[in-house]
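Given next are the chains, with one letter for each unit.
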Amino acid sequence: MKLKGVKKENLPEKVCPVCQRPFAWRKKWARNWNTVIYCSKKCGQAKRYLK
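Not measured: the values here are computed from a predicted model. (Residues numbered from 1 in each chain as written. Predicted model: local features only at pLDDT ≥ 70, side-chain atom pairs only at ≥ 80, totals over all residues. Heavy atoms only, no water.)

A. Region of the structure containing the overall build of the protein. Of regular secondary structure, the protein possesses one helix and two strands. Expressed as a percentage of the 51 residues in the protein, the buried residues total 20%. Within the protein, contacts between residues at least 6 apart in sequence are counted, and of these 18% link residues at least 24 apart. Just so you have it, the protein exposes about 4,800 Å², and 51% of that area is on carbon and sulfur atoms. (Helix = DSSP H or I, 4+ residues; strand = E, 2+ residues; numbered from the N terminus. Buried < 20%, exposed > 50% of the residue type's maximum accessible area, 1.4 Å probe, protein only. Contact = heavy atoms within 4.5 Å. Areas by Shrake-Rupley, 256 points an atom, 1.4 Å probe, with all protein chains shown as cover.)

B. Representation of the packing of aromatic side chains. Taken as a whole and assessed by the stated rule, the structure comprises three aromatic pairs. Between the aromatic rings of Phe23 and Trp29, the centroid separation amounts to 5.6 Å while the plane-to-plane angle is 75°, which identifies the pairing as edge-to-face. Judged by its relative accessible area of 7%, Phe23 falls in the buried class. You can call Trp29 buried: its relative accessible area is 12%. Members of the aromatic cluster, joined through ring pairs, are Phe23, Trp29 and Trp33. The aromatic ring of Trp33 is capped on one face by Lys14, whose charged end is 4.5 Å from the ring centroid. (Phe/Tyr/Trp six-rings, centres within 6.5 Å; stacked < 30°, edge-to-face > 60°. Lys NZ or Arg CZ within 6 Å of the ring centre and 35° of its normal.)

C. Looking closely at the state of the cysteines. Applying the stated criterion to the full structure yields zero disulfides. Free of any disulfide, Cys16 has its nearest neighbouring cysteine sulfur in Cys19, separated by 3.7 Å. Free cysteine: Cys43, not disulfide-bonded; nearest cysteine sulfur from Cys39 at 3.7 Å. (Disulfide = S-S within 2.5 Å.)

D. Geometry of the nonpolar core. In this structure, Leu11, Cys16, Phe23, Trp25, Trp29, Trp33, Val36, Cys39 and Cys43 together form the largest nonpolar core, which totals nine residues. Not counting the four nearest positions on each side in its chain, Trp29 is found in contact with Phe23, Ala24, Val36, Tyr38 and Cys39. (Core = buried A, V, L, I, M, F, W, Y, C linked by side-chain atoms within 4.5 Å.)

Geometric values such as these leave the question of function open.
Below you can see the structure in the form of structure tokens.
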């Protein structure tokens, strides 16, 4: 996904299933944006405790 020259308010967003907060696209997620589920490592680790 090429997002060069896009304003911050126009970046794609997702909602984290753990904390229910929206998080925006980051350059480090450019290759795997479709597989990003959690907004942070902390939420990724907390998924175990939701069950």
